[in-house]
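Summary of structural features
For reference, the chains in residue letters:
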Amino acid sequence: MKKTLLAIDDEKSILSILEYIFEKKYNVVNKPNGKEALAWMQEGNLPDIIVSDVLMPEMDGFEFMKQKQSSGFFKDIPVVILSSNENSTDKIKFLCSGADDYMVKPFNPQELDIRVNNLLKRVDKTYA
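Anyway, here's the lowdown on the structure attached to this text. Model, not experiment: these values are computed from the prediction. (Residues numbered from 1 in each chain as written. Predicted model: local features only at pLDDT ≥ 70, side-chain atom pairs only at ≥ 80, totals over all residues. Heavy atoms only, no water.)

**Focus: the pattern of salt bridges**
Our working rule: The working definition used for a salt bridge is a side-chain nitrogen of Lys or Arg within 4 Å of a carboxyl oxygen of Asp or Glu. A run of H or I in DSSP becomes a helix once it reaches four residues, and a run of E becomes a strand once it reaches two; helices and strands are each numbered from the N terminus.
Counting across every chain of the model gives 9 salt bridges. Here Lys35 and Glu58 are joined by a salt bridge, their closest N and O atoms 3.6 Å apart. Highlighted residues: Lys35 in helix 2 (residues 34–42) and Glu58 in the loop between strand 3 (49–52) and helix 3 (61–70), separated in sequence by 23 residues. A salt bridge links Arg115 to Glu111; the nearest nitrogen and oxygen atoms lie 2.6 Å apart.

If you want it as structure tokens, here you go:
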């Protein structure tokens, strides 16, 4: 059975790229912001991994991480942050708030694929 990847970004082009990269291996669910992603998760949908943007309308990546981490159900779902901001303060803030990885846009699709696969391998070992 395919694992589910939740992609959160307000840019349709990024969501299309993420879907293209991952659709062969994962069920890809696209959401335009953290608020819709959280609502989808609260309906009982648990993704295996999340790839999220930072700057989005309604609920940005920081608020999404805060809400996700405060939930017992969602806390352990690995997250890769995609941001156009190379600022190390943001990287540190996200990594401290529970993000597992942080990549800067524009990103190399192959590198993102490898990082997602490695994260999921580590998580699978934890539950094995």
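**Focus on the pairing of strand 2 (residues 26–31)**
Put simply, the rule reads: Strand pairing requires that DSSP identify at least two bridges connecting the strands. We call a crossover right-handed when, viewed with the strands running away from us, the connection from the first strand over the helix to the second turns clockwise.
Pairing between strand 1 (residues 3–8) and strand 2: 6 bridges, direction parallel. Each residue of the ladder has a partner; that of Leu5, found in strand 2, is Val28. Where the polypeptide runs from strand 1 across helix 1 (residues 12–22) and back to strand 2, its parallel neighbour, the crossover connection is right-handed.

**Side note on the sheet that holds strand 4 (residues 79–83)**
Paired through their backbone hydrogen bonds, the strands of a sheet run either parallel or antiparallel. How we decide: For helices, the axis comes from a line fit to the C-alpha atoms of the stretch in contact; other axes are also lines fit to C-alpha atoms, and the angle between any two N-to-C directions lies between 0 and 180 degrees. By definition in these notes, contact holds between two residues if any of their heavy atoms fall within 4.5 Å.
Read from one edge of the open sheet, 5 strands run 2-1-3-4-5, paired in parallel fashion. The open sheet has two edge strands with one neighbour each: strand 2 and strand 5 (101–104). Sheet twist, expressed as the average angle between the axes of neighbouring strands with direction ignored, equals 20°. In this sheet, strand 5 lies alongside strand 4 in parallel orientation, the contact comprising 4 bridges. Counted as the bridge partner of Ile81 is Tyr102 from strand 5. Sitting on the sheet, helix 1 is in contact with strand 1, strand 2, strand 3 and strand 4, with an inclination near 175° to strand 2. Of the strands in this sheet, strand 4 and strand 5 touch helix 4 (residues 88–96), which is tilted by about 150° from strand 5.

**Quick look at the packing of aromatic side chains**
Aromatic rings in a pair are described by how distant their centres are and how their planes are angled relative to each other. Defined as follows: Two rings from Phe, Tyr or Trp (for Trp, the six-membered ring) form a pair when their centres sit within 6.5 Å of each other. Planes less than 30 degrees apart are called stacked, planes more than 60 degrees apart edge-to-face, and all others tilted. Think of it in three bands: residues with accessible area under 20% of the maximum for their type are buried, residues over 50% are exposed, and the middle band is partly exposed, with areas taken using a 1.4 Å probe on protein chains only. Whether a charge sits over a ring comes down to the Lys NZ or Arg CZ being within 6 Å of the ring centre and within 35 degrees of the ring normal.
Under the definition given, this model contains 3 aromatic pairs. Between Phe22 and Tyr26, the ring centres sit 5.7 Å apart and the planes meet at 65°, which makes this aromatic pair edge-to-face. Seen from their ring centres, Phe62 and Phe94 are 4.1 Å apart, and the 15° between their planes marks the pair as stacked. With a gap of 32 residues between them, Phe62 in helix 3 and Phe94 in helix 4 connect regions that are remote in the sequence. A relative accessible area of 23% means that Phe62 is categorised as partly exposed. Its relative accessible area of 0% is what places Phe94 among the buried residues. The aromatic ring of Tyr20 is capped on one face by Lys24, whose charged end is 5.5 Å from the ring centroid. Over the ring of Phe62 we find Lys93; its NZ or CZ atom is 4.1 Å from the centre of that ring.

**Section: the nonpolar core**
What counts here: Definition of nonpolar core: a set of buried residues of the types Ala, Val, Leu, Ile, Met, Phe, Trp, Tyr and Cys, connected through side-chain atoms within 4.5 Å.
Ranked by size, the top nonpolar core spans 20 residues in total, and within it Leu6, Ile8, Met41, Ile50, Phe64, Ile81 and Phe94 carry the most contacts. Broken down by secondary-structure element, the contributors of at least two residues to this core are strand 1, helix 2, helix 3 and strand 4. In terms of residue count, helix 2 provides more of this core than any other element does, 4 residues in total. Ignoring anything within four residues of it in the chain, the contact list for Phe64 reads Ile8, Gly34, Ala37, Leu38, Met41, Ile50 and Met59.

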